[in-house]
Amino acid sequence: DRQHDGRGPRADMEALNAALMQLADSLMPTPEERATHQAAFEAVSSLLQARWPGARVHLFGSVANGLSVRHNNDIDVCLELEGIELDDTAAKGEVAVAVGELMEAAGMADVLPLPKARVPVVKFVVPKTGTKVDVTVNNMLACANTKLLADYCAIDGRLAPLVALVKHWAKSRAVNDAYRGTLSSYCYVLMCIHLLQTRPVPVLPVLQQLPPTFRRTVGQWTCEFCDDVASLRGFGATNRENLAELLWAFFEYWAWRHNYTHDVVSIRLGGCLHKDDKDWTRRIGNERHLVCIEDPFELSHDLGRTVDRQTRAVLHKEFTRAATLLRDRMDPMDELFQHY
Ligand code: ATP
Ligand code: MG
């Protein structure tokens, strides 16, 4: 089964598509959940602005980019303060501690500052609704990539349901945990965008290769891309592939087509780079570069860096399992999303 043999799915793709659309729909957050997230953001935002007058507060992550799934009760909030450099994690850590004290005093539950984390953060829970909040400081790259993802979502309506299915599959199969050597949700989103950019008839454009209409400098990084989504809506209309066909293409690619030895997935370029181009050819410290996914803005950041030989084998086994089920089963739904 490890070799691609050119066969396509056996399932009735229209019927499979209908079932997948229904599943994707059931995974979308309800209006009530959206309202709860918004209310939590506004409450946190006004506490932060009262303590740091003039500071800006941003909502980012999946709740902000339209890629959140139901029962995800987490929101990501960024406090933007003047005068803290991008790489000054010590100063960010101190602010995280201060935010923790503020939230404790305001009656938030389970307040947990993590000032020494790679990205300093304070975690807490809004008691009334149980919404879990992560506050980070000057996390401007995350705000910029949230906007990029949101703009891709607005261009073609197939991205959000594809991401919902892939996230749901990854959670079900226990391969959605960057701390344990598999891949983060953000990484799976980049993989979905890459797939849609590289279909024979593309579903998505490459926003960073078009004349930029959005520009922001964050530390040493330049975040620029075309954010004129109004004029790009309908870009993928000549591609008629449905959700079932795209999900099959996703797993087929990661099971049998991706070159794990040489390739780096890049949504910035809309294709793959060579590991040599990035000098991602050997292990440096804990960064192994066995599965390489380039961050669209922080170009030295490989989202797959936490994957080791063992977890790469697990990931490849799961991609192959999914592709094989989609190819061989008349009705692959239950097995595909079966809990590991
Ligand atoms: P979920 O629905 O699972 O919460 P999410 O997209 O919100 O998905 P988080 O892990 O909560 O994912 O991350 C929030 C945001 O932080 C991401 O959307 C992305 O903008 C940014 N982010 C997360 N992980 C990384 C990373 N490893 N490198 C760069 N940015 C990241
Ligand atoms: Mg999140």
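Here the structure is a predicted model, which means the values were calculated and not measured. (Residues numbered from 1 in each chain as written. Chains lettered and ligands numbered in written order. Predicted model: local features only at pLDDT ≥ 70, side-chain atom pairs only at ≥ 80, totals over all residues. Heavy atoms only, no water.)

### Concerning the UniProt feature "domain: Poly(A) RNA polymerase mitochondrial-like central palm" (unreviewed entry) in the chain
UniProt feature "domain: Poly(A) RNA polymerase mitochondrial-like central palm" (unreviewed entry): in the numbering of this structure it lies at residues 16-153. Segment residues 16-153 splits into 49% helix and 22% strand. End C-alpha atoms: 23 Å apart. (UniProt positions renumbered as here; feature names shortened; annotations may be inferred. Helix = DSSP H or I, 4+ residues; strand = E, 2+ residues; numbered from the N terminus.)

### Section: the pattern of salt bridges
With the rule as written, the count across this model stands at 17 salt bridges. D328 serves as the salt-bridge partner of R327, at 2.8 Å between the closest nitrogen and oxygen. Accessibility assignment for this pair places R327 and D328 in one class, buried. Each member of the salt-bridge network shares a partner with another, and the members are R7, R327 and D328. (Salt bridge = Lys/Arg side-chain N within 4 Å of Asp/Glu carboxyl O. Buried < 20%, exposed > 50% of the residue type's maximum accessible area, 1.4 Å probe, protein only.)

### Describing the side chain of E241
Tracing the backbone through its elements, the reader meets E241 in the loop between α8 (229-232) and α9 (243-257). Within the local environment of E241, its side chain forms a polar contact with the side chain of R199, the two groups lying 2.7 Å apart. Beyond its immediate sequence surroundings of up to four residues, E241 is in contact with R158, R199 and L246. (Polar contact = N/O pair within 3.5 Å; in protein donor to acceptor, adjacent residues only side chain to side chain. Contact = heavy atoms within 4.5 Å.)

### Topic: a negative patch on the surface
Taken together, E85, D87, D88 and E94 make up a surface patch of like negative charges. Along the chain, E94 falls in helix α4 (residues 89-105). Overall, the relative accessible area of 59% leaves E94 in the exposed class. (Patch = residues over 30% accessible without salt bridge, like charges linked within 9 Å, V, L, I, M, F, W, Y side chains within 5 Å. Areas by Shrake-Rupley, 256 points an atom, 1.4 Å probe, with all protein chains shown as cover. Lys, Arg positive; Asp, Glu negative; His and termini not counted. Charge placed at Lys NZ, Arg CZ, Asp CG, Glu CD.)

### Overview of the sheet that holds strand β10 (residues 292-294)
If you walk across this open sheet you meet the three strands as β9-β8-β10, and the pairing is mixed. Since the sheet does not close on itself, it has two edges, and those belong to β9 (271-274) and β10, each with one partner. Across this sheet, the average inter-strand angle for adjacent strands is 35 degrees, counted without regard to direction. As paired elements, strand β8 (residues 263-266) and β9 share four bridges and run antiparallel to each other. Counterpart to D263 in the pairing with β9 is H274. Contacts between helix α7 (residues 185-197) and the sheet are confined to β8, β9 and β10, with β10 contributing the most and set at about 85 degrees to the helix. (Pairing = 2+ DSSP bridges. Axes fitted to C-alpha atoms, helices over the stretch in contact; angles between N-to-C directions.)

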